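Architecture at a glance
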Amino acid sequence: MTKLKKTSRTKASDEALNAGSGQTIVQPNVNDNKVTSISDIREQTHGERTVQLDDEQRIRKAFVDKDWNEIKIADSWQIFKVMAEFVEGFEKMSKIGPCVSIFGSARTKPDNPYYQMAEEIASKLVRHGYGVITGGGPGIMEAGNKGARAEGGKSVGLNIELPFEQFHNIYIDSDKIINFDYFFVRKVMFVKYAQGFIGMPGGFGTLDELFEAITLIQTKKIGRFPIVLVGTKYWQGMFDWIQQAMLEDEHNISPEDMDLVQLVDDAASAVKIIDDFYSKYLLSPNF
């Protein structure tokens, strides 16, 4: 950033205001109260490791002045880590064959009807010749892997470590567990190697994955594979808003975009949509 320089007129004005005071005007430094190192952060937070303090440290860290060497070292290692995740994902996922991704909440309990339906959908998909890809965690993801395992099908888990709820479930094939630190790398694997997408009720993560898939299809970055959402009661309100606000009121999407997703209420209908779509194609990976 270019530093502002005082003009001779400004200097003269300062000198006039300060004349006879015996004091020198000192301009405040905007960095006076700014932490200058990660050590300062730890000192200010007494090294405590609570979630709240972790959040504060992340915010403070963004304002720490770093020299070019620190930036270069940190970013270089991050690039290599991202590359390593892509390489491992490509190596393992390229061998799995036709699969369908099942998404949904990690918080769904086994006695929940949506858990049981996800398990049934996964079992049916395997009987129809597909493997199953999930996020590898508990809840709906566990149900998907459990249903696939029960039928002897391929059960893939793309796990990501999260502070509270994510750990890989026991129903993933041992050679098909992949752990990620980066959501964006994980989402590439979900989309690149899936021949269909089934969304069960979930939270922000499920919405993130859903709209990633919709956007890639809408912009023709990937083929138009089927997207099925299970649970009309859960999803209908959101799509009513999309229809009214995004399409009719603001014209931010096209009418045909509403056809990219289909809503159903039972396992048989969800699997039938996948089967009907591919009945006219040979099953093959997305790439």
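Going along each chain's sequence as written, the residues are numbered from 1 onward. Only residues with pLDDT of at least 70 are given local features in this predicted model, and only at 80 or more are side-chain atom pairs given and counted; all residues enter the totals for whole chains, interfaces and linings. Only heavy atoms go into the side-chain values, all of them from the structure, while hydrogens and water stay out.

In the nomenclature of an unreviewed UniProt entry, the protein is known as Cytokinin riboside 5'-monophosphate phosphoribohydrolase of Hymenobacter chitinivorans DSM 11115. UniProt positions are given in the numbering used here, feature names are shortened, and annotations may be inferred rather than shown by experiment. Per UniProt, the comment on the protein under Catalytic activity (unreviewed entry) is "AMP + H2O = D-ribose 5-phosphate + adenine". Listed in UniProt under the heading Sequence similarities (unreviewed entry), the comment for the protein reads: "Belongs to the LOG family."

Take the pattern of salt bridges next. Any Lys or Arg side-chain nitrogen located within 4 Å of an Asp or Glu carboxyl oxygen qualifies as a salt bridge. Tallied over the entire structure, the rule returns 10 salt bridges. When the shortest N-O distance is used, the salt bridge between Glu88 and Lys92 registers 3.6 Å. On the criterion of helical spacing, the pair formed by Glu88 and Lys92 is a turn pair, its members being four residues apart in helix α4 (residues 68-93). To sort residues, take the accessible area from a 1.4 Å probe on protein chains only and compare it with the maximum for the residue type: under 20% means buried, over 50% means exposed, and anything in between is partly exposed. A relative accessible area of 30% means that Glu88 is categorised as partly exposed. Strands here are runs of E lasting at least two residues and helices are runs of H or I lasting at least four, both read from the DSSP assignment and numbered beginning at the N terminus.

This part is about the sheet that holds strand β2 (residues 131-134). A pair of strands counts as paired when DSSP detects no fewer than two bridges linking them. The seven strands are arranged β4-β3-β2-β1-β5-β6-β7 in an open sheet whose pairing can be described as parallel. Either end of the sheet is taken by a strand with one partner, and the two such strands are β4 (177-180) and β7 (261-264). Between one strand axis and the next, the sheet turns by 20° as a mean value, whatever way the strands run. Where β2 meets strand β3 (residues 155-160), three bridges bridge the pair, whose relative direction is parallel. The residue of β3 that forms the bridge with Val132 is Ser155. Each axis is a line fitted through C-alpha atoms, taken for helices only over the stretch in contact, and angles between the N-to-C directions span 0 to 180 degrees.

With that out of the way, let us pick up helix α8 (residues 204-218). Each helix should span, by expectation, one fewer than its residue count multiplied by 1.5 Å. Taking 1.5 Å as the rise per residue, α8 with 15 residues should run 21 Å; its terminal C-alpha atoms sit 21 Å apart, in good agreement. Taken together, the buried positions of α8 are Thr206, Glu209, Leu210, Ala213, Ile214, Leu216 and Ile217. The buried residues of α8 occupy an angular sector of 165° when the element is viewed end-on, so they sit on one face. Only heavy atoms matter for contacts: two residues are in contact if any of them lie within 4.5 Å across the pair. Against the buried residues of α8 lie β1 (99-103), α7 (183-192), β5 (197-199), β6 (227-230), α9 (232-249) and β7. The arc under discussion is defined with respect to the helix axis, by the directions toward the C-beta atoms.

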